[in-house]
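# Report on the structure
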Amino acid sequence: MIGPMSSGVVRPVGATYRLQLGPSFTFDDAARRVPHLADLGVTHLYLSPVLEAVRGSTHGYDVTDPTTVRAELGGRKGLERLADSAHVDGLGLVIDIVPNHLGVGRPEQNPWWWDVLAHGRKSPFAHYFDIDWDPRNGAGGKLALPVLASEADAAAISLDRTGPEPVLRYHDRVFPIGRDVGGGDAERVHYAQPYRLVPWDSPVRAYRRFFTVDDLAAVRVEDPTVFAATHAEIGSWFADGIADGLRVDHPDGLADPAGYLRRLRELTGPDAWIVIEKILEPDEPLDPGLPVDGTTGYDALRELGHALLDPAGAVGLSAVHERWAGDDGGTEALHAARLGIGDGLARGDLGPELRRLARAVLRESTPKSLAGPPPQPLIEEAIVRWAQVTPYYRDDYPVLATAAARLREDVRTRSQECDEDEPGSTDAVDLLAEARDRGAETTARFPQFTGALTAKAVEDTLFYRTARLISLQEVGGAPSDFGPTDPHPAFARRAAEWPATMTTLSTHDTKRGEDVRARIGVLSQCPTDWAPVVDRWMLLRPSLLDPVTGLFLLQTAFGVWPDDGAITDDLRGRLHAYAEKAMREGRIGTSWTSPDGAFEAAGHAFLDALFDGAALTDLVARLAPHGRSDALAQKLLQLAGPGVPDVYQGTERWEDSLVDPDNRRPVDWDAADDAHPKQRLVRAALRLRRERPGSFVEGSYAPIAADGPAADHLLGFLRGPRDGAPDVAALATRHSLRLERTGGWRDTHVDLGDDSWTDRLTGNVVAGRTPLNEVFLEHPVALLVRE
């Protein structure tokens with residue numbers, strides 16, 4: 001046993017296990033799982049947000065009081081007990097923090113927000129939030145709260161003087177009365193407040209939100225006072241030896257991410273492990289100047305998924321998509337769809353942010369002519385055009401300076417082409433560029449706007465509106481790209497540049513679990529098997545259901561279909577819940593704000609027809625073993641590969657989860673089984689990492705190749721101490737279905753040199769030039785150790 005370390009000493013992070021905390025899984029519940037997780041081989045528990053949140057929250061990202069550890073989880077004492085339990089078994093804690101926003105959906109639970117509602121700009125907390133107090137904000141300079149069902153429903157606002165302080169009530173929601181004009185006239189009292197209750201579908205928002213979530217209000221942590229107030233409790237975790245690292249939620253939403261991260265590093269100390277939820281495009285590097293250890297792993301998830309796809313399958317799957325959806329689902333189609341979606345979002349859901357940004361541009365730029373500046377609509381048009389073609393969440397990191405300059409010139413050239421139809425377009429772009437360069441409000445708000453637009457247009461909409469191969473449609477994914485034939489350069493780059501970055505296969509945000517993605521990915525090896533299934537069942541879909549949604553639901557059903565075809569009521573319910581969310585997110589025939597019952601009923605009817613007709617049972621029976629092969633392969637590549645791997649709760653065994661809240665279902669801890677092939681792999685790899693830490697984080701990386709007719713079906717690499725000989729070999733089967741259909745491993749060998757290597761999964765010993773059918777005798781993967 002390794003006992004607790006002294007306060008302030010950081011335990012090196014080697015591998016993490018993500019736990020989703022909530023009222024039904026508290027600190028004490030987590031403490032009871034410490035022996036199991038220590039035995040599994042992780043070095044750290046990785047906790048979802050632990051600060052006070054909206055009561056009953058199952059995720060904790062709606063923090064209401066950042067100065068206090070959440071009571072429903074056990075409070076500060078419960079966190080300390082968990083830390084002590086972890087330390088006794090040699091583990092540490094990594095904790096998720098949320099600097100960008102606070103939960104305001106229940107104002108009475110957020111003391112700072114309540115005070116702002118009561119006192120407006122005079123509140124000492126008014127500058128904590130990113131509020132637009134401008135008289136032109138659409139609410140007469142007041143703080144607009146979009147909560148009413150309709151304009152007419154303002155009549156439902158009532159005055160309640162029965163409690164210790166008078167409040168305004170709207171159904172089950174309460175709001176403070178900062179200025180009491182007396183009497184019983186609720187309308188008059190409401191009008192006297194610094195806030196204004198407006199309909200939920202009003203185009204008015206007087207505060208920056210997390211993307212478009214009205215219940216999450218942005219916080220100005222760029223202000224030193226606000227940073228100190230929101231991070232005092234977090235800092236104490238490091239001063240008191242509770243935490244060893246942090247996961248930082250959505251730093252791209254901040255006014256100055258780099259400045260924030262520098263202050264965070266000063267707070268935690270130089271040795272704390274800090275990873276950020278930074279969504280990188282395939283060609284986007286993480287800025288090396290950031291004082292962090294890496295990202296939370298969506299880039300690694302994309303690279304690991306690409307490594308196992310068969311690029312040859314793109315042609316066949318594109319043909320299926322084009323036959324039914326009218327486009328091939330490739331780069332051009334996705335780009336056009338993104339532009340269309342983004343244009344509507346920028347002017348609609350993100351309209352308040354757009355208009356606020358345009359006013360900032362007009363304040364912070366100088367008109368080029370005596371005629372005055374272009375009207376605000378032209379400035380808004382310039383913002384939308386520039387934001388639409390920005391390929392990254394934000395382009396203001398120094399590492400992107402060259403790309404950003406090139407983009408700026410492209411935007412200006414396109415605006416010149418528009419000048420004939422829209423005079424002033426170029427002037428508007430020039431004013432926007434000037435304002436961006438001033439280092440004032442526009443400088444911060446433009447990249448905040450592009451980040452929100454990208455997230456909403458791509459991950460939250462586009463990825464539900466195309467269906468060539470949906471396993472590619474994850475946060476940070478590239479659905480138009482089946483990946484490189486050789487994935488080793490990406491792995492090697494991670495080992496060299498960000499050796500301690502987090503890697504992941506499943507998170508609380510993934511749209512489908514890792515094993516579901518693995519099975520769907522097998523379709524890249526057999527589009528000719530998939531096409532007739534699609535053609536048969538798409539002909540039977542209800543006429544109201546559009547083809548893209550039909551293709552999307554069909555692939556989803558394939559991903560979770562039981563091997564034996566036994567569809568349970570639980571699975572039906574989960575898929576129907578997922579279908580509702582997917583259809584509303586895609587916004588083709590329905591949406592969250594305008595649900596169409598007939599369209600959604602058609603989607604549900606299509607799923608029921610698939611279930612009742614055993615639509616996919618035969619295909620799944622043939623392909624499920626290859627899905628499991630890929631699931632084990634990607635798990636091995638992640639756990640033995642460069643970076644610090646995270647195991648999301650429950651994914652040490654087969655899992656079939658879909659998007660949240662499905663992926664936050666309680667874990668069946670009693671199902672742990674050392675004989676389970678995936679759990680055996682996870683346990684062996686994690687224990688090996690803990691046994692030989694120098695061979696993994698900061699360790700060397702080198703590809704290993706096979707020779708023979710099936711050589712391209714081996715994906716493997718060597719790891720070892722940076723200055724020593726490799727002592728670990730991770731070998732995985734690639735494209736197992738195609739391998740099976742072309743004769744198997746036959747005379748294909750791998751040369752391991754003269755030393756003996758032991759497979760930690762089977763105990764088999766191999767040496768020298770070894771036939772791969774002997775290496776993979778029991779499993780499609782091998783974890784070899786040079787003894």
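Residues numbered from 1 in each chain as written. Predicted model: local features only at pLDDT ≥ 70, side-chain atom pairs only at ≥ 80, totals over all residues. Heavy atoms only, no water.

So, about the pattern of salt bridges. Following the criterion strictly, the structure yields 73 salt bridges and no others. The closest approach of N and O atoms between Glu381 and Arg347, which form a salt bridge, is 2.9 Å. Here Glu381 is found in helix 12 (residues 376–389), whereas its partner Arg347 is found in helix 10 (residues 331–347), with 34 residues between them in sequence. A residue is classified by how much of its surface remains accessible, and Arg347, at 35% relative accessible area, is partly exposed. Bridged by salt links that share partners, the residues Asp130, Arg208, Arg356, Arg363, Glu441 and Arg445 form one connected network. (Salt bridge = Lys/Arg side-chain N within 4 Å of Asp/Glu carboxyl O. Helix = DSSP H or I, 4+ residues; strand = E, 2+ residues; numbered from the N terminus. Buried < 20%, exposed > 50% of the residue type's maximum accessible area, 1.4 Å probe, protein only.)

What follows covers the packing of helix 18 (residues 527–538) against helix 19 (residues 547–560). Between two packed helices, the angle of one axis relative to the other and the distance separating the axes together describe the packing. The N-to-C vectors of helix 18 and helix 19 enclose an angle of 125 degrees; their axes lie 11 Å apart at closest approach. Relative to helix 19, the element helix 18 lies oblique. Relative to helix 19, the crossing made by helix 18 is right-handed. Residues Trp530, Val534, Trp537 and Met538 of helix 18 touch helix 19, and the partners they reach there are Pro547, Gly550, Leu551, Leu554, Gln555 and Phe558. Of the residues assigned to the contact of helix 18 with helix 19, the class counts are 8 nonpolar, 2 polar and no charged. (Axes fitted to C-alpha atoms, helices over the stretch in contact; angles between N-to-C directions. Parallel < 35°, antiparallel > 145°, perpendicular 65-115°, else oblique. Left-handed = near helix turned anticlockwise from the far one by under 90°. Contact = heavy atoms within 4.5 Å. Nonpolar A, V, L, I, M, F, W, Y, C, P; charged D, E, K, R; others polar.)

Turning next to the confidence of the model for the protein chain. Of all residues in the protein chain, 99% attain a pLDDT of 70 or more, and the chain-wide mean is 95. Predicted confidence is poor over residues 1–6, with pLDDT under 50, and the contacts of this stretch with residues over four places away or in other chains come to 10 contacts. (pLDDT = per-residue confidence, 0-100.)

The next subject is helix 6 (residues 224–239). Compared with the 22 Å implied by 1.5 Å per residue over 16 residues, the 20 Å span of helix 6 between its first and last C-alpha is markedly short. Residues Val226, Phe227, Ala229, Thr230, His231, Glu233, Ile234, Gly235, Ser236, Trp237 and Phe238 constitute the buried set of helix 6. At the N-terminal boundary of helix 6, the capping side chain belongs to Asp223, with an oxygen 2.8 Å from the backbone nitrogen of Thr225. Remark: Gly241 follows helix 6 within two positions and exhibits a positive phi of approximately 75 degrees. (Expected span 1.5 Å × (residues − 1). Polar contact = N/O pair within 3.5 Å; in protein donor to acceptor, adjacent residues only side chain to side chain.)

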